[in-house]
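A look at the structure
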2 protein chains.
Amino acid sequence: MAQQARAIQTRRSILVAAAAVFDERGYSSATISEILARAGVTKGALYFHFSSKEDLALGVMDVQLDSNPRPQLTKLQELVDQGMLLAYRLRHEPLVRASVGLAMDQAVEGLDRGTPFRAWIDRLEHLLNAAKDQGELLPHVDPRETAEMLAGSFSGIQVMSQALCRREDLGHRISVLLHFVLPSISTPAVLTTLDMAEDRGERLSEALEAVPSQAGATD
Amino acid sequence: MAQQARAIQTRRSILVAAAAVFDERGYSSATISEILARAGVTKGALYFHFSSKEDLALGVMDVQLDSNPRPQLTKLQELVDQGMLLAYRLRHEPLVRASVGLAMDQAVEGLDRGTPFRAWIDRLEHLLNAAKDQGELLPHVDPRETAEMLAGSFSGIQVMSQALCRREDLGHRISVLLHFVLPSISTPAVLTTLDMAEDRGERLSEALEAVPSQAGATD
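This part takes up the domain arrangement of chain A. Residues and elements named next belong to chain A. Domain boundaries in chain A define domain 1 (2-59) and domain 2 (63-211). Contacts between the two partners involve 10 residues from domain 1, matched on the other side by 9 residues from domain 2. Those elements that provide at least two residues to the side of domain 1 that touches domain 2 are α1 (2-25) and α4 (53-62). The greatest single-element share of the side of domain 1 that touches domain 2, amounting to 5 residues, is contributed by α1. Considering only residue class, the side of domain 1 that touches domain 2 consists of 7 nonpolar, 1 polar and 2 charged.

At the junction of the two partners, chain B supplies 31 residues and chain A supplies 31 residues. When residues of the side of chain B that touches chain A are assigned to their parent elements, the largest contribution, 15 residues, is made by helix α8 (residues 143-165) of chain B. Per-class residue counts for the side of chain B that touches chain A are 16 nonpolar, 10 polar and 5 charged.

All names here are of chain B. Within the secondary structure, Leu137 sits in the loop between α7 (114-133) and α8. The exposure class assigned to Leu137 is buried, which follows from the 22 C-beta atoms found within 10 Å. The contact partners of Leu137, leaving out residues within four places of it in the chain, are Leu128, Ala131, Lys132, Ile185, Ser186 and Thr187.

For the rest of this paragraph, the subject is the packing of α8 of chain B against helix α9 (residues 170-181) of chain B. Residues and elements named next belong to chain B. Viewed as axis vectors pointing N to C, α8 and α9 meet at an angle of 150 degrees, and their least axial separation amounts to 10 Å. Here α8 is positioned roughly antiparallel relative to α9, judged by the angle of their axes. Like other packed secondary-structure pairs, α8 and α9 cross with a definite hand, here right-handed. Between α8, through Leu150, Ser153, Phe154, Ile157, Gln158 and Ser161, and α9, the contact on the second element is made entirely by Leu170, Arg173, Ile174, Leu177 and Val181.

Here is what the cut-offs are and how they apply
Residues numbered from 1 in each chain as written. Chains lettered and ligands numbered in written order. Predicted model: local features only at pLDDT ≥ 70, side-chain atom pairs only at ≥ 80, totals over all residues. Domains from an automatic or database assignment. Contact = placed C-beta atoms within 7 Å. Helix = DSSP H or I, 4+ residues; strand = E, 2+ residues; numbered from the N terminus. Nonpolar A, V, L, I, M, F, W, Y, C, P; charged D, E, K, R; others polar. Buried ≥ 20, exposed ≤ 12 C-beta atoms within 10 Å, placed from the backbone. Axes fitted to C-alpha atoms, helices over the stretch in contact; angles between N-to-C directions. Parallel < 35°, antiparallel > 145°, perpendicular 65-115°, else oblique. Left-handed = near helix turned anticlockwise from the far one by under 90°.

What follows is the structure, given as structure tokens:
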């Protein structure tokens, strides 16, 4: 178990180093040697966790998906929570910022930047299908199309917020997006129960820190 | 008049060259000498139009705003048309792609990427205020907040569409966004009149080409 904890710690250090090197040098110019030097780990340790530079980039992009807000009474609240928690993490975790930055960088070549988008779309679609099964959705809602629209909108709003004010208002902007979109998705009865306030992400993050989930430890 | 037309042509050639150099080398590494060589114009001609590399980048970012769809019966249709026409131009004009790419590039330093976002927000807010004056908006709608949400969402959806399928489905995805958001903005009476079909941008572009507007000639 201590060995597993060390492995998780090493993997994390490598990702932090890779994110920093990608950020400073750009993905195309970055080299594994630089990432090794920055992480202060052996070549063997790095290749134990990641097989290539592309694999490292996929690992970094994956970090944004690594959050599991608590189960809620409605699936639509869980959908809202995914967005609010990511907005909060983007403001407070450099590695999450690097993760999203890499996915949004149109200049990156030789890397499938569609991977995190597809993963987010799948996750949101899954939540929307569950919401549909529980009768939370308006009858005309197409879960896949809705998931795609939400993933795309979120990603642009965070870039805009970053360009305009270093993401200071990101919680507010995602709250606004949800207030516009949810009335076109949710039944009125569920809509009135949803907490889409701009400080929702902060409260979710505090709750997760108070009682750490098991999710990280099983990785 | 011929002289003015030549000046417009020269300015355009410089922007095309600058966009290509920014795209290939990245904004930070690009030099004015490279842009000069690519454009095949004299240093004097370049500095007549642009005072610095940053000014060139602002000129490139400005291109995305350079479209004027025809006036429509409702201001909300004009709002829709701005989005549908930009989606079409992104698919068919390399310079528009470069313009948006530069604004979305989080790795760019020393350039205020907020400029095109603010310009889009102002334009959409202006349309929404006009729509409000004409009684087209639901009473609770805040024009500024709505304009920000639309500008941000659009920008992310185009990055996602680019990452997933080289923007092939961009017209469809922007149509989906508008179908989700407009019911939270528009009165029911205006909503039923709106054309938000995914081929709207193509039809608008064809109409503009058939009878060129005066907008370009006054620049």
